[in-house]
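Structural overview
For reference, the chains in residue letters:
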Amino acid sequence: MVLIVISKHGEVYDGELAELLSIMRECYSRLMPHEVSLVDLYLFERSSSVEVFLRKESDELGVIITPLSESFFAMHDAWRGIPRIIICLEKIRTLPKLVKIGGIRHEVAHTVLHGSLEYYLIPIQPSLLEIAEQFNLSSEYTRNLLYLVSIAVKDYEVTRLLYNRGYVEDQVEYIKFLLKASEDDVASWELSKGKPLLEVLCLISSLKTIGCAIPLLNDGRFCQELKQLLVESLSYFPKELSTLVLKFAEEAFPTLGVDTLENINSIIYRCNLIFKTVFNRLC
């Protein structure tokens, strides 16, 4: 039995707390065997409170903690050595039931697969050093690239685990909810156009949601619909680049094994193709 330690920030209704705990406990049970015995659950009534909390955590821990974006209503980390799930109730209360359930299970699976500090203090991979030297990347750019690849890989691993344990319909609905280009995505691309290194970061950033979806393409019931949504979600990229990143994801992610650090190294190694394509296109 996993002990879930609850921290409430704002008004939390008894009914919604009971529902969240029921979803989490059922998921932890189905994902056995695993080593999670304790997880912190932080519930925030309002998104503004989440942002304040994350900024404080970032300052205290001396690390960069990415705030919840418009599309995400929950997140996980292990910066304090214990797996932690953070949920924004203001966002989750408006969601369709399966999207909500799928998102919570997604975070639970993260705590199972990536519930220790080693998955956040990821060392620079050998393949990344090669790319950094080849394209004269700054240390800040290199760290950003490592971060973007690591979250894409971890999200792929999460959906793969959930899919293999029989969670399909809820994960499909969750991914469909995520497969919408945000205004921030479009704005970032507009600012990056014509600048090779920034274009590469935009393309690799898109792998997070694509990675979530890839395992579900194995299900014939949803494959075509999800592929179409993937194409539409990348429509703000030029056709050549959206095709490149989709082909990259469909070929690269299914080759990954069970070692997260090795998987990150493998995807970074393959990112050389994205760098070369963008630079050849612009230069």
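Read on for a plain summary of the structure. (Residues numbered from 1 in each chain as written. Predicted model: local features only at pLDDT ≥ 70, side-chain atom pairs only at ≥ 80, totals over all residues. Heavy atoms only, no water.)

On to the packing of aromatic side chains. The relative placement of two aromatic rings is captured by the distance of their centres and the angle of their planes. For the structure shown, the criterion picks out 11 aromatic pairs. Considering the side-chain rings of Y42 and F53, the 5.2 Å spacing of their centres and the 40 degrees angle between planes classify their relative orientation as tilted. Of the two residues, Y42 is situated in strand β2 (residues 38-44) and F53 in helix α2 (residues 47-61); the sequence distance between them amounts to 11 residues. Accessibility assignment for this pair places Y42 and F53 in one class, buried. Clustering of aromatic rings is evident, with ring pairs tying together F135, Y141, F275 and F279. Sitting over the ring of Y167, R30 keeps its end group 4.0 Å from the ring centre. Lying across the ring of Y120, K154 places its NZ or CZ 4.4 Å from the centre. (Phe/Tyr/Trp six-rings, centres within 6.5 Å; stacked < 30°, edge-to-face > 60°. Helix = DSSP H or I, 4+ residues; strand = E, 2+ residues; numbered from the N terminus. Buried < 20%, exposed > 50% of the residue type's maximum accessible area, 1.4 Å probe, protein only. Lys NZ or Arg CZ within 6 Å of the ring centre and 35° of its normal.)

The subject of this paragraph is the pattern of salt bridges. Per the counting criterion, the structure on display carries 21 salt bridges. The shortest N-O distance in the salt bridge between R80 and E57 comes to 2.8 Å. Of this pair, R80 sits in the loop between β3 (74-77) and β4 (84-88) while E57 sits in helix α2, placing them 23 residues apart in sequence. Look at R80 and you get partly exposed, because its relative accessible area is 44%. For the salt bridge of K176 with E225, the shortest nitrogen-to-oxygen distance reads 3.0 Å. Residue K176 is found in helix α7 (residues 169-178), and its partner E225 is found in helix α11 (residues 223-233); the two are separated by 49 residues along the sequence. (Salt bridge = Lys/Arg side-chain N within 4 Å of Asp/Glu carboxyl O.)

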